[in-house]
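Okay, here's what each chain looks like letter by letter:
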Amino acid sequence: MKDTCPGCQAKINAKNIKKKGLYVEKQCPLCLVWFSLNTTLAFIKMLGISLLLVTSLLNLSGTKSEYSLLFSSLGAVGIIVALLITFFGKNEIVKNSKK
Ligand SMILES: [Zn+2]
């Protein structure tokens, strides 16, 4: 998987990227700018993954079967949203990156 640097538009191989922080800030090896996924998108992605986890747990804990299909569907939607954001989410330059 490759990331596009928002600073110089270079395609960067994930192996060459330095990472840090909660929202996984990344550094472009070419122009040394720090960037990360748009925070709104990062939040929605986290929400989607949580949805999958919660609904899976509810299904495992033996919830009434009439709900299990609903939970599975919700979980599937959550992971699809998370995947879409992972692949199509835009990176943004991190301003005033401290530490
Ligand atoms: Zn760059």
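One structure accompanies this document, and this report is about it. (Residues numbered from 1 in each chain as written. Predicted model: local features only at pLDDT ≥ 70, side-chain atom pairs only at ≥ 80, totals over all residues. Heavy atoms only, no water.)

So, on to the coordination of the zinc ion. In the first shell of the zinc ion, the protein supplies Cys5 (SG), Cys8 (SG), Cys28 (SG) and Cys31 (SG), at 2.2 to 2.3 Å from the metal. Coordination at the zinc ion is tetrahedral, judged from the four donor atoms that bind it and the angles of 106 to 114° they form at the metal. For Cys28, a relative accessible area of 0% corresponds to the buried category. (Donors = N, O, S within 2.8 Å, 3.2 Å for Na, K, Ca; no water. Tetrahedral: all angles 85-135°; square planar, octahedral: opposite > 155°, others 65-115°. Buried < 20%, exposed > 50% of the residue type's maximum accessible area, 1.4 Å probe, protein only.)

Moving on to the pattern of salt bridges. One pass over the full model with this rule turns up one salt bridge. Taking the shortest distance from any N to any O, the salt bridge between Lys26 and Asp3 comes out at 3.1 Å. Pair noted here: Lys26 is in strand β4 (residues 25-27) and Asp3 is in strand β1 (residues 2-4), with a separation of 23 residues, a long-range link. Exposure class is identical for Lys26 and Asp3. Each is buried. (Salt bridge = Lys/Arg side-chain N within 4 Å of Asp/Glu carboxyl O. Helix = DSSP H or I, 4+ residues; strand = E, 2+ residues; numbered from the N terminus.)

Our focus in this paragraph is the sheet that holds strand β5 (residues 34-37). Across the sheet, four strands lie side by side as β3-β4-β5-β6; this open sheet has antiparallel pairing. Edge positions in the sheet fall to β3 (18-20) and β6 (91-93), since each of these pairs with one other strand and no more. Between one strand and the next, the sheet's axes are offset by a mean angle of 35°, whatever the strand orientation. Where β5 lies against β6, three bridges are found, and the strand directions are antiparallel. Bridge pairing in β6 places Ser36 opposite Glu92. (Pairing = 2+ DSSP bridges. Axes fitted to C-alpha atoms, helices over the stretch in contact; angles between N-to-C directions.)

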